[in-house]
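One letter stands for each residue in the lines below.
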Amino acid sequence: MLTIKNLHASIEGTPILRGINLEVKPGEVHAIMGPNGSGKSTLASVLAGREEYEVTQGEVTFKGKDLLELNPEERAREGVFLAFQYPVEIPGVSSTNFLRTAVNQVREYRGQEPLDAVKFLSLMKEKMKLVEIDQKLLSRSLNEGFSGGEKKRNEIFQMAILEPTLSILDETDSGLDIDALKVVANGVNQLKSAEKSTIVVTHYQRLLDYIIPDFVHVLFEGRIVKSGDKNLAMELEEKGYDWIKEEVANTAV
Amino acid sequence: MSAVTKKEISVSSSFMDTYFGHKPTGPFASLRENAAKELAQKGLPSTKDEEYKFTPITKKIESSITNFGHAMPTNVTISDLKTHFIPGVDTYTLVFNNGILDKELSGDLPDGVSARPLSSLSEEELTEKIALAENKETDPYATLNQLAFQDGLFLEIRDKAILDKPILLLHLIKADNHGQTIHPRLIIETGKFVEATFIQLVASLDEQITFLNGLENVKVGEGSHIHHLKIQDEGKQALEVSNMVVDVPKDATFTSFVLSLQGQMIRNNLTLNLLDSNCEGNMFGIYLTNGQTHVDNHTNVDHTKPHSESNELYKGILTDKSRGVFNGKIFVRQDAQKTNAFQQNNNILLSEDAIINTKPQLEIWADDVKCSHGCTTGQLDEEALFYLRTRGISKENAKALLLYAFAGEVLEKINHETFREYCVQLVQQRLGGQNG
Ligand SMILES: Nc1ncnc2c1ncn2[C@@H]1O[C@H](COP(=O)(O)OP(=O)(O)O)[C@@H](O)[C@H]1O
Ligand SMILES: [Mg+2]
């Protein structure tokens, strides 16, 4: 579904990603871990199409298409979804109006009829239950004045509505208490299917108790320096990242 | 009058030739003469004048108006007119054809509202009502109106009249052989405990250069609530100066809203005199400009007695080579303790060539007041734009959503529902994109 080959990206001339290789097949869950500043969010943003990042080398194909050729909205319509580490507050844009615009633009791209107000509302209701999000929240402006946890929940809610084939969750667990974490994980798990893949970016192993990864990758200084299964996440939790850093230092010599 | 020669008029002498050099006759002769004297002293403002620093309208008028004569009423039929009514908004309608009330085209007014030509007032009434305020700085264009207006309208609303529909003041503007300048003059006086909404529209019937120089005086009665809503969506060549001076007494509120969409150069001067305690003045505006349109809003609110309140919110979205000016004066006199005055002006520039000049001007002589003001100028929020696009919303629609949200805060202030919906439509049309 997603193939990343030797991806290099920089911002304002500073290289951040320095040769990423990753293959994600349908139905798989990949976890990407790594210390702060290693480039996890950058990778997520580059996949979503953030224009400030310049891809200097490498290629990314998604469902056979050159992903890097597409603009952010085209990627979304193709089925890429990024749950932001820091969701943006947008005063004055109503959550409902925004989501309906989004859903219908995605549907239009996929050759589906637009949802009328009634159908859209029932879709909303169904998905609201899934992530246990309060109706009141959705009657407000998009993310405006939401708590950290509410914002994260809203990201998963949007994901549920848009039904992407590749979801990238960027530290969706940070700032969540354990109950909220379970709700979010539960939402993600219910949306899983044999055709849908997930990339879970996280700092801690905690979330991976609830969203079980097929693969765990460690990103460090813009490269994937180690890959394994869920046991690698346990090991990282126990020993921290220092030993990885040492390994990298040793192999580099 | 003979003392006035064009030499004494430093600015715009060619323009002034039209009005000087002959003694005013007919109605209002003495008012006109006074105005002429005053104007002879101060002249029309150039950009050296602090108040007109960014708005060279005098120069524009001088260089582009070729016929300073009064534009006479032109042939307009009801069907011409229909396209200029506001869809879905039911109103009492007064139609002004090049500044003059057209009885044929105007509809009936409700009980308690009377409209009379100024020329039908007695000399005394006239002097009392339409003499310009002495000892107050009067905008030179208001003085020019006083000198040059043909006739005007006196609109009176009786005590306790609660109007079920707004009164639409529809100005049809069309240049023809007779001239290109129009000086509409309107006086509104309401009794006590009146509730009324006025909607003012200017419709350019052709793409010719015209100069509209309106002067409006509103005297609100005690305990009355008056709304004045205005749309400026004029011809690309239209030049306009609009002066509105409003007196707000005890327990009364006055709310002004203006949506400026198109014109060559538009200057709005809005003055609210809060004359007593427990009165409120609201000033709201949106300017969405493109092309070469230039919109200048100068507002002035004067708090004179304790416990009055003013709220002001103007927002602008400017693109292409358009230009916006905002200048908001708040004056709080020594007596006016416990004043609440809020002012906000926010702007988004969508192109490199668009310009905004914004300036709050606060003069506060009382010590126990709550006053706040803020001006911001920025671009579209790129982070928000990216966020929306990652949800599948096209760049164009995402922009429209964000810009609409920005302007929406002002639109929400409009009390009249169907008029608000109409403004929403106009704003959405201008911002493009499609929602839902
Ligand atoms: N807009 C930016 N300008 C300059 N440097 C940036 C920018 N965004 C991220 N970086 C840098 O890129 C590196 C990787 O950041 P990020 O991808 O956010 O890491 P992570 O998500 O793994 O914590 C960091 O060193 C960060 O300082
Ligand atoms: Mg990050």
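Residues numbered from 1 in each chain as written. Chains lettered and ligands numbered in written order. Predicted model: local features only at pLDDT ≥ 70, side-chain atom pairs only at ≥ 80, totals over all residues. Heavy atoms only, no water.

**Section: the domain arrangement of chain B**
Residues and elements named next belong to chain B. Along its sequence, chain B is organised into domain 1 (75-381) and domain 2 (382-436). Relative placement of domain 1 and domain 2: their C-alpha centres are 25 Å apart. Looking only at domain 1, the three residues that lose the most surface to domain 2 are K315, L380 and D381, adding up to 25% of its buried area. At the junction of domain 1 and domain 2, the tally comes to one salt bridge. Close ionic contact of K315 with E409 constitutes a salt bridge, the shortest N to O distance being 2.6 Å. Within the residue set of the side of domain 1 that touches domain 2, elements represented by two or more residues are β8 (195-204), β10 (225-233), β12 (253-262), β14 (280-289), β16 (309-318) and β18 (340-349). (Domains from an automatic or database assignment. Buried area = accessible area lost by both parts, 1.4 Å probe. Salt bridge = Lys/Arg side-chain N within 4 Å of Asp/Glu carboxyl O. Helix = DSSP H or I, 4+ residues; strand = E, 2+ residues; numbered from the N terminus.)

**Points about the side chain of S242 of chain B**
Residues and elements named next belong to chain B. Residue position: S242 is located in strand β11 (residues 239-248). You can call S242 buried: its relative accessible area is 6%. S242 has contacts with G214, K230, R267, N268 and N269, leaving out every residue within four places of it along the chain. (Buried < 20%, exposed > 50% of the residue type's maximum accessible area, 1.4 Å probe, protein only. Contact = heavy atoms within 4.5 Å.)

**Here we look at the coordination of the magnesium ion (ligand 2)**
Residue and element names in this part refer to chain A. Looking at the magnesium ion (ligand 2), one finds its protein donor set to be S41 (OG) and Q85 (OE1), positioned 2.1 to 2.3 Å from the metal centre. In this pair, S41 sits in helix α1 (residues 40-48) while Q85 sits in the loop between β6 (80-83) and β7 (90-94), placing the two residues 44 residues apart along the sequence. Since its relative accessible area comes to 24%, S41 is described here as partly exposed. (Donors = N, O, S within 2.8 Å, 3.2 Å for Na, K, Ca; no water.)

**Observations concerning the pairing of β8 of chain B**
Residue and element names in this part refer to chain B. Counting buried residues along β8, eight of its ten residues qualify, which places the element largely inside the surrounding structure. Pairing of strand β5 (residues 167-173) with β8, which is carried by seven bridges, proceeds in the parallel orientation. Opposite L172, over in β8, you have A203 as the bridge partner. Across eight bridges, the pairing between β8 and β10 is parallel. Opposite L201, over in β10, you have I231 as the bridge partner. (Pairing = 2+ DSSP bridges.)

**What to know about unusual backbone geometry**
Leaving glycine out, the prevailing phi sign among residues is negative, and the prevailing peptide bond configuration is trans. Of note in this structure, E12 of chain A is not a glycine but carries a positive phi near 45 degrees. By the element assignment, E12 of chain A lies in the loop between β1 (2-11) and β2 (14-24). Phi at D251 of chain B is positive, roughly 60 degrees, even though this residue is not glycine. Tracing the sequence through the fold places D251 of chain B in the loop between β11 and β12.

**Focus on the site of ligand 1**
Residue and element names in this part refer to chain A. Ligand 1 sits among I11, I16, P35, N36, G37, S38, G39, K40, S41, T42 and Y53. In the model, an oxygen atom of ligand 1 is placed 2.8 Å from a nitrogen or oxygen of the G37 main chain. Taking G39, its main chain carries an N or O atom lying 3.0 Å from an oxygen atom of ligand 1. Looking at which element gives the most residues to the shell around ligand 1, the answer is α1, with three residues. When its residues are assigned to classes, the shell around ligand 1 shows four nonpolar, six polar and one charged. (Near = heavy atom within 4 Å. Polar contact = N/O pair within 3.5 Å; in protein donor to acceptor, adjacent residues only side chain to side chain. Nonpolar A, V, L, I, M, F, W, Y, C, P; charged D, E, K, R; others polar.)

**With respect to empty space enclosed by the protein**
Residue and element names in this part refer to chain B. Overall, the coordinates contain seven cavities of 30 Å³ or more when judged by the stated rule. The space that makes up the largest cavity amounts to roughly 120 Å³. Lining the largest cavity are 13 residues, and of these H171, P184, Q200, G214 and E216 sit closest to its centre. Breaking the lining of the largest cavity down by element, the ones donating at least two residues are β7 (185-190), β8, β9 (211-219) and β11. By residue number, the principal contributor to the lining of the largest cavity is β9, which donates four residues. Classifying every residue of the lining of the largest cavity gives five nonpolar, five polar and three charged. (1 Å grid on protein atoms, 1.4 Å probe; cavity = no way out; pocket = protein on both sides within 12 Å on 5 of 7 lines; lining within 4 Å. Points joined across faces, edges and corners; volume = space filled by probe spheres on them.)

**Focus on the packing of aromatic side chains**
Following the criterion strictly, the structure yields seven aromatic pairs over all chains and no others. Centre to centre, the rings of F98 of chain A and Y387 of chain B are 6.4 Å apart; their planes meet at 25 degrees, and the pair counts as stacked. Of this pair, F98 of chain A sits in helix α3 (residues 95-109) while Y387 of chain B is found in helix α7 (residues 382-389), placing the two residues in two different chains. Both residues of the pair, F98 of chain A and Y387 of chain B, belong to the buried class. A ring pair is formed by Y141 of chain B and F211 of chain B, whose centres lie 5.9 Å apart and whose planes are at 80 degrees; its orientation type is edge-to-face. Of the two residues, Y141 of chain B sits in helix α6 (residues 140-148) while F211 of chain B sits in strand β9, which places them 70 residues apart along the sequence. Judged by relative accessible area, Y141 of chain B falls into the buried class, the value being 0%. Using a relative accessible area of 0% as the deciding quantity, one classes F211 of chain B as buried. (Phe/Tyr/Trp six-rings, centres within 6.5 Å; stacked < 30°, edge-to-face > 60°.)

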